[in-house]
Each structure stands twice: as C-alpha cells, then as structure tokens.
Amino acid sequence: MENEIVNEIGNELGVTVESVGDSVAESGHNVFRSIADAIGFDLTSLSLMKIVTSVVLLIILLIISKVIGRIVYHTIRKARVTEGLKKFIARAVRFICYFISLMIFADSIGIPVTSLVALFSLLGLAVSLSIQNLLGNIMSGISILMLKPFDIGDYIETDVSGTVKNIGLFYTEITTPDNKRIYIPNEKLIGDKLINYNAEGRRRIDVTFNAGYECDPETVKAALKAAVESVDMLLKDPEPVIGIADYGESAVLYNVWVWTASGNYFPARYALMDAVSEYYKQFGVHMAYNRLEVNILDKKM
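We now turn to the structure provided with this report. Note that the coordinates shown come from a computational prediction; the quantities given were computed from them, not determined experimentally. (Residues numbered from 1 in each chain as written. Predicted model: local features only at pLDDT ≥ 70, side-chain atom pairs only at ≥ 80, totals over all residues. Heavy atoms only, no water.)

**Points about the sheet that holds strand β3 (residues 171-175)**
Note the threshold: For two strands to count as paired, DSSP must find a minimum of two bridges between them. Elements are defined by DSSP. Helices are runs of H or I of four residues or more, strands are runs of E of two residues or more, and each kind is numbered from the N terminus.
Spatially, β4-β3-β2-β1-β5 is the arrangement adopted by the five strands of the open sheet, whose pairing is antiparallel. Two strands close off the open sheet at either side, each with one partner strand: β4 (181-185) and β5 (195-196). As paired strands, strand β1 (residues 155-157) and strand β2 (residues 161-167) are joined by three bridges and run antiparallel to one another. Looking across to β2, one finds that Ile 156 is bridged to Gly 162.

**Focus on the sheet that holds strand β7 (residues 241-247)**
Rules: Geometry is summarised by axes, namely lines fitted to C-alpha atoms with helices restricted to the contacting stretch, and by angles between N-to-C directions that run from 0 to 180 degrees.
Strand order in this open sheet of three strands is β6-β8-β7, and the pairing throughout is antiparallel. Edge positions in the open sheet fall to β6 (202-211) and β7, since each of these has one partner strand only. Strand-to-strand, the axes of this sheet are offset by a mean angle of 25°, without reference to chain direction. Where β7 and strand β8 (residues 252-261) come together, six bridges link them in antiparallel fashion. Paired with Ile 244 across the two strands is Tyr 254, which belongs to β8.

**Thoughts on the pattern of salt bridges**
Stated formally: Any carboxyl oxygen of Asp or Glu that lies within 4 Å of a side-chain nitrogen of Lys or Arg is treated as forming a salt bridge with it. For every residue, the accessible area (1.4 Å probe, protein chains only) is compared with the maximum for its type, and the residue is labelled buried under 20%, exposed over 50%, or partly exposed between those bounds.
Under the counting rule described, the total for this entry stands at five salt bridges. The partner of Lys 180 in a salt bridge is Asp 178, and the shortest N-O contact between them spans 3.6 Å. Across the salt bridge formed by Asp 192 and Lys 188, the nearest N and O atoms sit 2.9 Å from each other. By relative accessible area, Asp 192 is classed as partly exposed at 41%.

**Considering helix α2 (residues 48-75)**
The criterion, for reference: What a helix should span is 1.5 Å times the count of its residues minus one.
The terminal C-alpha atoms of α2 lie 41 Å apart, and with 28 residues this matches the ideal 40 Å at 1.5 Å per residue to within 8%. All of the buried residues along α2 are Ser 54, Leu 58, Leu 61, Ser 65, Gly 69 and Tyr 73.

**Considerations on the nonpolar core**
Spelled out, the test is: In this description, a nonpolar core means a group of buried Ala, Val, Leu, Ile, Met, Phe, Trp, Tyr and Cys residues linked to one another through side-chain atoms lying within 4.5 Å.
With 25 residues, the main nonpolar core has Val 220, Leu 224, Leu 234, Leu 272 and Tyr 280 as its most contacted residues. Counting only elements with at least two residues in this core, the list comes to β6, α7 (217-230), β8 and α8 (265-282). Within the second largest apolar cluster, nine residues are counted, among which are Phe 150, Ile 156, Ile 167 and Ile 184.

**A short note on the packing of α7 against α8**
For clarity, the cut-off: Here is the rule for angles: anything less than 35 degrees is roughly parallel, anything more than 145 is roughly antiparallel, 65 through 115 is roughly perpendicular, and the remaining ranges are oblique. Less than a right angle of anticlockwise turn of the near helix away from the far helix marks a crossing as left-handed, whereas a clockwise turn marks it as right-handed. It only takes one pair of heavy atoms within 4.5 Å for two residues to be counted as in contact. Gly falls in the polar group here, along with every residue not listed as nonpolar (Ala, Val, Leu, Ile, Met, Phe, Trp, Tyr, Cys, Pro) or charged (Asp, Glu, Lys, Arg).
Following both chains from N to C, one finds α7 and α8 inclined at 135°, their axes separated by 8 Å at the closest point. By the criterion of interaxial angle, the relationship of α7 to α8 is oblique. When you trace α7 past α8, the crossing you get is right-handed. When α7 is examined against α8, the residues Val 220, Ala 223, Leu 224, Ala 226, Ala 227, Val 228 and Ser 230 are found in contact with a partner set consisting of Leu 272, Ala 275, Val 276, Tyr 279 and Tyr 280. Partitioned by chemical class, the residues of the contact of α7 with α8 number 11 nonpolar, one polar and no charged.

**Looking at unusual backbone geometry**
Across the junction of Asp 237 and Pro 238, the peptide omega takes the value 5°, indicating a cis bond. Note on placement: Pro 238 falls in the loop between α7 and β7. A positive phi angle is found at Asn 179, which is not glycine, with a value near 70°. Relative to the elements of secondary structure, Asn 179 occurs in the loop between β3 and β4. Look at Asn 179 and you get exposed, because its relative accessible area is 65%.

Distances and angles like these do not, on their own, reveal function.
In structure tokens, the structure reads:
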C-alpha cells in the first residue's frame, strides 16, 4: 500500500515537472517569436546552411574590423596628435566596423536592419538614462583627448600624483612614484584642479639652505654656485638664482633657484642636495642648528 502511494506521488511530481518544463519552453518560444515578429524576422526562412554561412561571414567581418583598426592606428601614428587621441580614433573606427559587421550579419540572416537599428536606439536610450555617470566620463574623456591638458607620459597632480599611462573613455590610468596603478574617473579630472608638471618641458627647483652667522655670505654663495655648476642635469639657461632669503634665529637662509628638464626633476634635486653638502665642506661653510645659550651668573651671597 505504501509503495503504491509513493509511486503515485512520484508519477504526479513527474507530470507536474514535465508540465512546468513544457510551459517554460513554450513561454520562451512565445517570447522569442514575439520579438521576431516585432522586428519583422521570419523564423521560417532560417535554415542550417544559412545560419552557418552567416556566422562564418560575421567572423570574417570581425577579423577585418580588427585589422582596419590596427591599420588606422599605424596610419595616424606619425600625425601630430596625442597618443591618447590616436588610440581613441582607432577604437572608434573599430567600433564602427563592428557595428557595420553586425548589421551585415543581421541582414544576411534575414533580420530587417531598419527594425534592428530602431531596437538599438530604444535600448541605447534606456541604457543612457541608467548610466549617466559613465556617459559623463565618456564625454570628459573625449574632452581630455581634444583639449589635451595632459598626454601619456606626463606627470600630473590632482588629489594624487603620478605619471599618465593610458587615457581611456571612462578612466585615466596613472602610476605613482611608488609604482601604484590608480584609475581616476575622467569627469573628476575635468572638474577639479589639475597640475601638469611636464607641459612646459622644464621645471624650477626651489631649495633653501642655511649657514651659520659666522660664515661669510659671499663664501656661502660661492659654495652654492659651485655645487650648482657641478650637477650636469641643471640648466645654464635660465641662469640660476642664489641669494639670501631670510635671517633666522640661529642661521642665515639662502634660496637656490635652478632649472632642469621636467623628467630630471627628482634626480637633479637629489644630486644638488648631495653636492651642497660636499662643497660646504670644501669652502669651510657649516650649517647651523637651533641652539640655546645659557649664561650662569655667579652671585656671591
């Protein structure tokens, strides 16, 4: 008796599962047919040979599109535009070729192209409303490529500093001096203050050194001048500026303003610091430090 009940329940479950599966399959078929009818696609016109031929055609078109993108990039490599703009143009051409390839594939398989374009337009409108921030980044990326506030290889500073490695449609990639890769949204780069240290090709190094009051100022200046002249990475034009900046509590402060190529800024600065220490010793100049003089009065009772 128990076995009969179990068998009966099992049969009912099997019938139920089969019925649900048939319903799902029928619903999916109805949805696909509804979409096909909406875009004017005749399912009865499909055949295995037609599908295989269309897929092979699509693969060939995608390969051709990729090749065209590379040809465009290599063609404009010598053009006087930024590297980021060259990559953007190549990607845009490749995307257009992909879109055309998809349209050709749709036409070959029997899907009306005009209906498909209309469907893509509706989808594009729906997507654009849901990804406004991404669209803002895309427009900002295009603005960066057109206005060229910086290029690949430039050292820039916003809330972080680093060397630009790539300018994409959504993000700009920079690498920090300690080798961290940071992705900054393009909209942020357009909206916030940005410093480009490579735009002018050279940078000024501003350093302040001190020397004791007992050191002759002309001797100190001579030592600083010799230190500057010993660093090959420093430029002779514009001429270096060396002068007394201030009189501190325990030392005289000297400003040294020198120029170097933007790419040599940090190596040149470190070399200058080492050279000043060496030439201070040669010229008998010593750096001062804060000190407190205490006079003890001997009072006789």
